[in-house]
Amino acid sequence: MFSSDNWQEIFQTIKKNKLRTFLSGFTITLGLLIFITLLGLGNGLKNSFNQFFMDDATNTMFIFPGRTSMPYKGYNVNRTIQFKNDDLTDIQKNFPFYLEYITPRIFRNGTVTFNNESNSYSYVGVSPAHQISEKTIMMKGRYLNDLDVKEKTKYAVIGRLVEKDLFKDRNALGEHVIINNTAYKVIGVFQDEGGDNEERRIYIPYTTLQLIEKNTDDINQIVLAYKPELGYAGAMIFEEKLTKFLKEKHEIAPDDQSGVFIRNIADNMNDNQQLSGVLTLIVTFVGIGTLIAGVIGISNIMVFVIKERTKEIGVRKALGATPFSIITMILQESIFITLIAGYVGLFLGIFVLKMIGDKLEDYFILNPYIDLGTAITATIILILFGALAGYVPAKRAAKIQPIVALRDE
Amino acid sequence: MIAIKDLHKSYKMGSNVLHVLKGINFNVEEGEMVAIMGSSGSGKSTLLNIVGMLDLLDTGSYTLDGVPIVNLNETKAAKYRNKFLGFIFQSFNLINYKTALENVALPLYYQRVPKKERDEKALQYLTKVGLANWATHLPSELSGGQKQRVAIARALAAQPKVLLADEPTGALDSTTSYEVMQLLQEINDEGKTLLVVTHEEDIANMCKRIVQLKDGIIIEDKKVNQVRASEYV
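Bear in mind the structure is a predicted one, so any value in this text is a computation, not a measurement.

About the cut-offs
Residues numbered from 1 in each chain as written. Chains lettered and ligands numbered in written order. Predicted model: local features only at pLDDT ≥ 70, side-chain atom pairs only at ≥ 80, totals over all residues. Heavy atoms only, no water. Helix = DSSP H or I, 4+ residues; strand = E, 2+ residues; numbered from the N terminus. Buried < 20%, exposed > 50% of the residue type's maximum accessible area, 1.4 Å probe, protein only. Contact = heavy atoms within 4.5 Å. Areas by Shrake-Rupley, 256 points an atom, 1.4 Å probe, with all protein chains shown as cover. Lys, Arg positive; Asp, Glu negative; His and termini not counted. Charge placed at Lys NZ, Arg CZ, Asp CG, Glu CD. Salt bridge = Lys/Arg side-chain N within 4 Å of Asp/Glu carboxyl O. Buried area = accessible area lost by both parts, 1.4 Å probe. Polar contact = N/O pair within 3.5 Å; in protein donor to acceptor, adjacent residues only side chain to side chain. Phe/Tyr/Trp six-rings, centres within 6.5 Å; stacked < 30°, edge-to-face > 60°. Lys NZ or Arg CZ within 6 Å of the ring centre and 35° of its normal. Axes fitted to C-alpha atoms, helices over the stretch in contact; angles between N-to-C directions. Parallel < 35°, antiparallel > 145°, perpendicular 65-115°, else oblique. Left-handed = near helix turned anticlockwise from the far one by under 90°. Patch = residues over 30% accessible without salt bridge, like charges linked within 9 Å, V, L, I, M, F, W, Y side chains within 5 Å. Pairing = 2+ DSSP bridges.

A. Seen up close, the overall build of chain A. For chain A, the helix and strand inventory stands at 13 helices and 12 strands. Every one of the 409 residues in chain A was classed for burial, and the buried ones make up 50%. The contacts of chain A with a sequence gap of at least 6 include a subset with a gap of at least 24, amounting to 78%. Counting every atom, chain A has about 20,300 Å² of accessible surface; 60% of that belongs to carbon and sulfur. Positive and negative side-chain charges of chain A, numbering 43 and 43 respectively, have mean locations separated by a distance of 7 Å.

Here you go:
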């Protein structure tokens, strides 16, 4: 069945029937090319989606103070709630089971000067854990550490664009910048995938900021992370308990909705994951659709090919070809063509994705890719169906009595 | 060589049954050259197809070279056809994308003869029909008579016991027809058994025996003095 003689016969048929070979091969190549390109672009879309919405750590909660909307325990309505350092330590003390890390955030805006260059930036008093929650990536130097917080050092970690604006091509590390009349030593430069705004920030120890601002212990916001193993349900319970704790501590009415706010990324996460799931579904649907179109295409061509060869099959049978040898001949030929064409399609598709690369980033397609397993599975499916599509009419043709096949004009 | 007893064959045409062969008794000895004649619809082609195992009989018996042809499935029929029979068709039935040589070699391919030997033999038979110089030409580059001679070489290549020719000259002009008949007579002279279906009187007279068919039965079966085709060429 796989003798070289047999293959010679097949190669000859392929070589002498170029149009037919081209048509069946082209269907497969095109099918795979479209399949891989579409799926790759779909994945690219998902990539940029994930990048937009999952920039920050996903197990994070933000706590903002607000104003009360109900009188409670002798306090008036419209009282401003102010978080203080002891809120941090109290949360740490009361929720060790849930808490992974906690950091305050104190946002300020100010003029930042280096030599003659100056510009307005937001600077943030934080503790070291803030690096994890923002997924801040250090380009050079280091982030703030616990010692900086304890010693209230005048150190600053500046964003990539701050360095670019103020220092031009010079290295900012070790230089001093002046933020609102106080000099800070630059100990690190960071980048952040959150966008330009987040790269125009400066981080300093929150204790230093408090010291400079008349030695208060006020805090703007609290950012904390729960242990990821708690999952979505655990996060919800934590959020509930935390709200209750903070309301009691600051003497806010239990059903006052505006005393403190907790924004839980897990809520967004759930929506995001659903949207991402829909994207996956669409991509899969398009992929399967393309494959089916390819299978139908190759089936049509196989039916046409065998119709065209009916007479030849009759002649061969009159000369002593068994039905088995007819079927093997047609199958081997079609599998050979689809195999080569499939390989070409696979190669072309991956090549096209590579060529696209990040060129379509403006159209929200980032790093389009297809994992090789999916691509190969698709190739095998097309080859298999190509063979099956050939087998059915081939079997029928092999069954036709030669006299009928010979009469076929 | 061929022994047929009480052969019946009918075709279903929708709800009607067309009784084509109504009890044929017919023997052919080795080395004979028999013409089967009859008007169209007389059943002559059906008879040839059954002898050629291209079609199945309904009732009766058929023995070829001592082998009873029964329970014929497609695979078995293919083997017998390859071993016992060579076909010559009115419309030549050459494979159009194969050269003359490759067409002649095709039955040998199905006998699993190695490629080199196959090509040697095919060339030998092409030489025999006088077309050695045309070996590498495609059928589309050959004239009708040349095509039929390639077909005859192909029928001979498998060294069959019997050659079956269905209107071998039907698509040819008379000069070419006589050339083809001359070739067939030469093949017969070498001892090959030939069955020729024709409706042309002069072609039939170039055989050694004429069987007349009418409405599915043999009405006449006579030996004739063979007219040598070479007289006309």
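B. Local environment of the pattern of salt bridges. Within the structure shown, the criterion is met by 34 salt bridges over all chains. Two residues, Glu9 of chain A and Lys98 of chain B, come together in a salt bridge whose shortest N-O distance is 2.8 Å. Here Lys98 of chain B lies in the loop between strand E6 (85-88) and helix H3 (100-110) and Glu9 of chain A lies in helix H1 (residues 4-16), a pairing that spans two chains. The burial state of Glu9 of chain A is the same as that of Lys98 of chain B; both residues are buried. The partner of Glu74 of chain B in a salt bridge is Arg81 of chain B, and the shortest N-O contact between them spans 3.9 Å. Relative accessible area serves as the criterion here: at 23%, Glu74 of chain B is assigned to the partly exposed category. Where salt bridges share partners, they join Glu9, Arg20, Glu308, Arg309, Glu312, Arg316 and Glu333 of chain A together with Lys98 of chain B into one cluster.

C. Local environment of the interface of chain B and chain A. If you look at the interface, chain B gives 25 residues, while chain A gives 27 residues. Overall, the association of chain B and chain A removes approximately 2,400 Å² of surface from exposure, summing both partners, and the carbon and sulfur fraction of that is 54%. Ranking the residues of chain B by area buried against chain A places Glu74, Tyr97 and Tyr110 of chain B at the top, with a combined share of 29%. Viewed at the interface, chain A and chain B are joined by 11 residue pairs in polar contact (both at pLDDT 80 or more). Elements that contribute at least two residues to the side of chain B that touches chain A include exactly helix H2 (74-84), H3 and helix H4 (115-128) of chain B.

D. Expanded view of the packing of aromatic side chains. All names here are of chain A. Considering all chains together, one arrives at 15 aromatic pairs over all chains under this definition. Consider the rings of Phe22 and Phe26, whose centres lie 5.2 Å apart with planes at 20°: the pair is stacked. Residue Phe22 and its partner Phe26 are both found in helix H2 (residues 18-53); the two are separated by 4 residues, about one turn of the helix. A connected cluster of aromatic rings, assembled from ring pairs, spans Phe95, Phe97, Tyr98, Phe238 and Phe245. Positioned above the aromatic ring of Tyr75, the side-chain terminus of Arg79 is 4.2 Å from the ring centre.

E. A look at the packing of helix H3 (residues 85-94) of chain A against helix H8 (residues 231-249) of chain A. Residue and element names in this part refer to chain A. Two elements in contact, H3 and H8, have axes whose closest approach is 12 Å; the angle formed by their N-to-C orientations is 135°. Compared by their axis directions, H3 and H8 come out oblique. Between H3 and H8 lies a crossing of right-handed hand. Contact with H3, carried on its side by Asp86, Asp87, Asp90, Ile91 and Asn94, involves Leu242, Phe245, Leu246 and Lys249 of H8 and no other residues of that element.

F. Structural view of a nonpolar patch on the surface. Residue and element names in this part refer to chain A. Together, Leu19, Phe22, Leu23, Phe26, Leu30, Ile34, Leu38, Val278, Ile282, Phe285, Val286 and Phe304 give the surface a local cluster of nonpolar side chains, amounting to about 1,100 Å² of exposed area. Listed by contribution, the elements that provide at least two residues to the nonpolar patch are H2 and helix H9 (265-308). When residues of the nonpolar patch are assigned to their parent elements, the largest contribution, 7 residues, is made by H2.

G. A look at the sheet that holds strand E5 (residues 67-68) of chain B. Residue and element names in this part refer to chain B. Taken in spatial order, the 4 strands line up as E2-E1-E4-E5 in an open sheet, and their pairing is antiparallel. Each edge of the open sheet carries a strand with a single partner, namely strand E2 (16-28) and E5. Note that strand E1 (residues 2-13) and E2 share 10 bridges and pair antiparallel. From the neighbouring strand, Ala3 faces E2, where its bridge partner is Asn27. Set on the sheet, helix H1 (residues 44-51) makes contact with E1, E2 and strand E4 (59-64); between it and E1 the angle comes to about 120°.

Any functional reading would require information beyond the geometric quantities listed.
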